[in-house]
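Chain residues, written in single-letter form:
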Amino acid sequence: MADRMARRRVKLYALNADRQWDDRGTGHVTSSYVERLKGMSLLVRAESDGSLLLESRIQADTAYQKQQGTLIVWSEGENFDLALSFQEKAGCDEIWEKICQVQGKDPSVDITQDIVEESEDERFDDVSDSNPWVELPPCEIGRLEDINEVISNCLHSPVRREKLAIALENEGYVKKLVSVFHTCEDLENMEGLHLLYEIFKNIFLLNKNALFEIMFADDTIFDVVGCLEYDPSSPYPKRHRQYLKSIAKFKEVIPIENSELLSKIHQTYRVQYIQDVVLPTPAVFEENMLSTLSSFIFFNKVEIVSLIQEDERFLSELFHQLGGDEDVPTEKRRDLVLFLKEFCTFSQTLQPTSRETFFKTLSSLGVLSALEITLGLDDAIIKSASIDILSYIVEFSPSMVREYMMQQQHKTEEEQFLLNIIIEQMVVDSDPEMGGAVQLMGILRILIDPENMMATVTKSERADFLAFFYKHSMHYLVAPLLSNTVGDEVGREDYSSAQLLALILELLAFCVEHHTYHIKNYIVQRDLLKRILVLMKSKHTFLVLSALRFMRKIIGLRDDFYNRHIINSNLFAPVVDAFVRNNGRYNLLDSAIIEMFEYIKVEDIKTLWMSVVEKFGEVLAQVDYVQTFHALRMRYEQHQDRLKDRDRSASLDGIGGVVRGTRYRRDVRDLDEEEEMWFNNDEEEIDETEPILPSRDTNIAPVGELMAYVEGGEAEEERCYCLAGESPTIKTSDKVEKENGASKMLGATGKQSLLLNNGNKDNNNTAAALSPEGNKSPVPARKKRSELVKQ
């Protein structure tokens, strides 16, 4: 049973829209009758959880192809190709027999049906359909033109193409053509060599895996490449064989003992060279004419990665020499890094689960610690390859890299942290185009992106890593910026320095957008925005725009914390200065600055537009080719008018001693002292039967004989409807507690009597009650209520 399961172990692939194979999972394949599909079907169940990865009925008219002895490929629908890659050839043969049995085919064939149905005209014209073979002329120099014509004519019909491929394979025609090629080359027969070029180019267009296996065999592939050197459109033959044999030498940096692996590596490189260099550009042909060639290379790469990953001795020796052994010469280390880069490139063909296992294997062997060494080496090739390797790892599993980095803070000096090495290499990049710096910036952005950070019950990767980054690495990132803006002047103005600062500003803008309070505290505590705006004086316009873009990103957050910092530090001044220096020129800088002020106006960020108008209104008022600044001035003036109207209204309402609104209030503590002196006066007694005047306002407070209550917020008209001698006697509780900070009034006998003033300006007692004569509290004279309350 175990042997059968091993034989039936497969990987399921599907061809995507880019004509690349996507790995859909690993499982075990069976063939059985499915009632729902009404027929024999192929079933693939996942190895991990037993879920159904594939359920496909074996159709009688579907073309199934067996390739390389372990692959079965077919199409479901017009644009959906599937492939089963078997672990063992025996399992592939078993399933192939089942498919052929359902379709009534001989299992010895490699394809069961025609791939594409012919039109009715083609069927009518093809009188040889009953004959399973295509008649090929004898393979001789004198018949090369006839051979080329037969093969060219078959390309237009799927049926003929299939029969031609079978005929070429069964008759060993490729070997015969190679023999003719040697003769033509010895005789320098250019006409025959040009015909052989056309013949082999058309054989490639048959797109048959069985023919590829013949042409790419070790004893044939160089002769096939030789035939493709004699392009009739070229006056001189190419030298592809010389390149593959002499120039492109295979460097075995670590001895490979597995002969199968070694042969597969050689074959894959040569076939890749044929596809990329030897054959004409794909635009010349139909879109999918060479899809099988791409599949051939793809599955070869999968097999190479699997074979190397299983060889623990090989990988251990590789990383020992790459990172641990200091005596390894630079040339040797360069080969090791290039091999590892190619190894990681091939890993992109693996499915996600297999790729995760692949990178975990590399991590356990010390790939990240090795990269710490190779990134810092003074060798452009080693450094470039190391960046590519790190990019592969970070793009697939940034969490794994972050975990490694955070573990370093307990073991390593700060400057030796991998994160700081990445920043340092970005800063010191000597490439005029800053290619390495741009790539490292992309890696750094992935690492500090909270969107790909995980949060579990036990820990928060986001909080931990960002705290680590701002504590140990942020100062390395901003160091070039701070060193170049000393004394409010831009230091180095060379192009490379400006490019580097622009990259740093782009990263900082990303932090502003995604890191909230971490970057906010960093900017304010170190006055970083002010230093960045010094770059507005740079002679490089792109750097000026980068600094402006950073400030625009901050303003776009509409954060009061940032806005107060901008106003208090007068940070609009560098922007306005740059705007004035631009002198109205119609360029990107002019538009970007106007857009920022337009945003402030449209979003009505009051604190900012008030500051702009108050400090720079006169300068900006001269700009008349846009309405932005005129509109800000109008809005400011309207705001000032509203404030004056409110002051005027408040002063009118305050006549008679009644103070309302939010402009002025008596200190609540003063009221408390006055009331307490009044209530604690032993000489006065309160009539317990004296009535309490009702009010619609629940917030009431007495001040002597008459009381003016100021309510928080906008002033409202307060009314008290009292009739002398007619108010009912109301027994109050022992304690009345005022809201909004009013005093507590406790009577000696547990009852209080309150008098309310309706705020009438004719009431002369109001002025007396609130007259500020010293700080003495007025002592009320006992009077009749009818004398105190005016209607």
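The structure this text deals with has already been given above.
Parameters at a glance
Residues numbered from 1 in each chain as written. Predicted model: local features only at pLDDT ≥ 70, side-chain atom pairs only at ≥ 80, totals over all residues. Heavy atoms only, no water. Helix = DSSP H or I, 4+ residues; strand = E, 2+ residues; numbered from the N terminus. Buried < 20%, exposed > 50% of the residue type's maximum accessible area, 1.4 Å probe, protein only. Contact = heavy atoms within 4.5 Å. Areas by Shrake-Rupley, 256 points an atom, 1.4 Å probe, with all protein chains shown as cover. Axes fitted to C-alpha atoms, helices over the stretch in contact; angles between N-to-C directions. Parallel < 35°, antiparallel > 145°, perpendicular 65-115°, else oblique. Left-handed = near helix turned anticlockwise from the far one by under 90°. Nonpolar A, V, L, I, M, F, W, Y, C, P; charged D, E, K, R; others polar. Expected span 1.5 Å × (residues − 1). Polar contact = N/O pair within 3.5 Å; in protein donor to acceptor, adjacent residues only side chain to side chain. Salt bridge = Lys/Arg side-chain N within 4 Å of Asp/Glu carboxyl O. Pairing = 2+ DSSP bridges. Patch = residues over 30% accessible without salt bridge, like charges linked within 9 Å, V, L, I, M, F, W, Y side chains within 5 Å. Phe/Tyr/Trp six-rings, centres within 6.5 Å; stacked < 30°, edge-to-face > 60°. Lys NZ or Arg CZ within 6 Å of the ring centre and 35° of its normal. Core = buried A, V, L, I, M, F, W, Y, C linked by side-chain atoms within 4.5 Å.

Participant: Break down the overall build of the protein for me, with residues and values.
Facilitator: Within the protein, the secondary structure is distributed over 34 helices and nine strands. For the protein, buried positions account for 46% of its 791 residues. Of the contacts formed within the protein by residues at least 6 apart in sequence, a portion of 65% connects residues at least 24 apart. For the protein, the accessible surface area stands at approximately 41200 Å², while carbon and sulfur atoms represent 49% of it.

Participant: Describe helix H28 (residues 573-582), with residues and values.
Facilitator: Along H28, the residues that are buried comprise Ala573, Val575, Val576, Ala578, Phe579 and Asn582. One or two steps after H28, the chain reaches Asn583, where phi turns positive at roughly 60°.

Participant: Explain the packing of helix H16 (residues 367-375) against helix H19 (residues 418-427) to me, and be specific about the residues and the numbers.
Facilitator: The N-to-C vectors of H16 and H19 enclose an angle of 30°; their axes lie 10 Å apart at closest approach. Comparing their axes, H19 and H16 come out roughly parallel. For the pair H16 and H19, the sense of crossing is left-handed. Counted together, Leu368, Glu372 and Leu375 of H16 and Leu418, Ile421 and Gln425 of H19 form the full contact between these two elements. Residue composition of the contact of H16 with H19, by class: four nonpolar, one polar and one charged.

Participant: Tell me about helix H11 (residues 259-278), and name the residues and values.
Facilitator: In this model H11 runs 27 Å from its N-terminal to its C-terminal C-alpha over 20 residues, within 8% of the 28 Å that 1.5 Å per residue would give. If you check which residues of H11 are buried, you get Leu261, Lys264, Ile265, Gln267, Thr268, Arg270, Val271, Gln272, Tyr273, Ile274 and Val278. The elements touched by buried residues of H11 are helix H7 (190-205), helix H9 (221-227), helix H10 (240-247), helix H12 (291-310) and helix H14 (330-346). With a side-chain oxygen positioned 3.0 Å from the backbone nitrogen of Glu260, the residue opening H11 is Asn258.

Participant: Before we move on, could you go through the pattern of salt bridges and cite the residues and values that matter?
Facilitator: With the rule as written, the count across this model stands at 24 salt bridges. Its salt-bridge partner being Lys553, residue Glu513 comes within 3.2 Å of it at the nearest N-O pair. Placement of the pair is Glu513 in helix H23 (residues 495-514) and Lys553 in helix H26 (residues 541-556), with a sequence separation of 40 residues. Classification of Glu513 as partly exposed rests on a relative accessible area of 43%. For Arg635, the salt bridge is made with Asp604, and the minimal N-O distance between the two is 3.3 Å. Taken together, the residues span a long stretch of sequence, with Arg635 in helix H31 (residues 628-653) and Asp604 in the loop between helix H29 (588-602) and helix H30 (606-620) at a distance of 31 residues. For Arg635, a relative accessible area of 25% corresponds to the partly exposed category. What makes Asp604 partly exposed here is its relative accessible area of 42%. Connected through salt bridges with shared partners, the residues Lys66, Lys89 and Asp93 form a single ionic network.

Participant: How would you explain the pairing of strand E1 (residues 9-15) if you had to name every residue and give the values?
Facilitator: With six of its seven residues buried, E1 lies for the most part within the structure. Pairing of E1 with strand E2 (residues 21-34) involves seven bridges; the strand directions are antiparallel. Within E2, the residue paired with Arg9 across the bridge is His28. Connecting the antiparallel pair E1 and E2 is a turn made up of five residues, with Arg19 showing a positive phi of about 60°. Two elements, E1 and strand E7 (residues 81-86), share five bridges in a ladder whose sense is antiparallel. Bridge pairing in E7 places Val10 opposite Phe86.

Participant: I'd like to hear about a nonpolar patch on the surface, residue by residue, with values.
Facilitator: Together, Tyr33, Met40 and Val102 give the surface a local cluster of nonpolar side chains, amounting to about 260 Å² of exposed area. By the secondary structure assignment, Tyr33 is in strand E2.

Participant: Provide a residue-level description of the packing of aromatic side chains, including the pertinent values.
Facilitator: Enumeration according to the criterion identifies 24 aromatic pairs in this entry. Each ring, one from Phe465 and one from Phe468, has its centre 5.9 Å from the other, and the planes form 40°; the classification is tilted. Remark: Phe468 and Phe465 occur in helix H21 (residues 461-472); sequence separation between them is three residues, near one turn of the helix. Among the residues examined, Phe465 registers a relative accessible area of 0% and is labelled buried. An aromatic cluster is present here, built from Phe314, Phe339, Phe343, Phe358, Phe359 and Phe396 joined pairwise through their rings. In this structure, Arg402 is placed above the aromatic ring of Phe465, and the distance from its NZ or CZ to the ring centre is 5.9 Å. A cation over an aromatic ring shows up here: Arg552 above the ring of Tyr599, its NZ or CZ 4.0 Å from the ring centre.

Participant: Describe the packing of H10 against H11, listing the residues and the values that go with them.
Facilitator: Interaxial distance between H10 and H11 falls to 12 Å at its minimum, and their mutual angle equals 145°. The crossing of H10 and H11 is right-handed. Of the residues in H11, those touching H10 at His240, Tyr243 and Leu244 are Tyr269, Tyr273, Val277 and Val278. Among the residues making up the contact of H10 with H11, the classes are represented as six nonpolar, one polar and no charged.

Participant: Describe the sheet that holds E7, and please don't skip the residues or the numbers.
Facilitator: Read across the sheet, seven strands follow the order E4-E3-E2-E1-E7-E6-E5 without closing on themselves; strand pairing throughout is antiparallel. Only two strands of the sheet have a single partner each, and these edge strands are strand E4 (52-57) and strand E5 (65-67). Averaged over all neighbouring strand pairs, the angle between strand axes comes to 30°, with direction disregarded.

Participant: Give a description of the side chain of Gln321 that names residues and reports values.
Facilitator: Of note, Gln321 is situated in helix H13 (residues 312-324). Within the structure, the side chain of Gln321 is placed 2.7 Å from the side chain of Glu317, a separation counted as a polar contact. Here Gln321 is in contact with Ile254, Val328, Lys332, Arg333 and Leu336, once residues within four sequence places are set aside.

Participant: If you had to explain unusual backbone geometry to someone new, which residues and values would you point to?
Facilitator: Even without a glycine there, the phi angle at Met434 is positive, about 55°. Take Met434: it is sitting in the loop between H19 and helix H20 (435-447). Here the phi dihedral of Arg558 falls at roughly 55°; this positive angle occurs in a residue that is not glycine. Residue placement: Arg558 occurs in the loop between H26 and helix H27 (560-568).

Participant: Before we move on, can you summarise the nonpolar core with the specific residues and values?
Facilitator: In terms of nonpolar packing, the biggest core is built from 137 residues, with Leu477, Leu508, Met551, Ile555, Phe572 and Phe597 touching the most fellow members. When residues of this core are assigned to their parent elements, the largest contribution, 13 residues, is made by H23. With near-sequence residues (within four places) excluded, Met551 lies in contact with Leu529, Leu533, Ile566, Leu571, Phe572, Val575 and Met596. By size, the runner-up hydrophobic cluster in this structure holds 50 residues, among which are Val134, Ala165, Val178 and Leu244.

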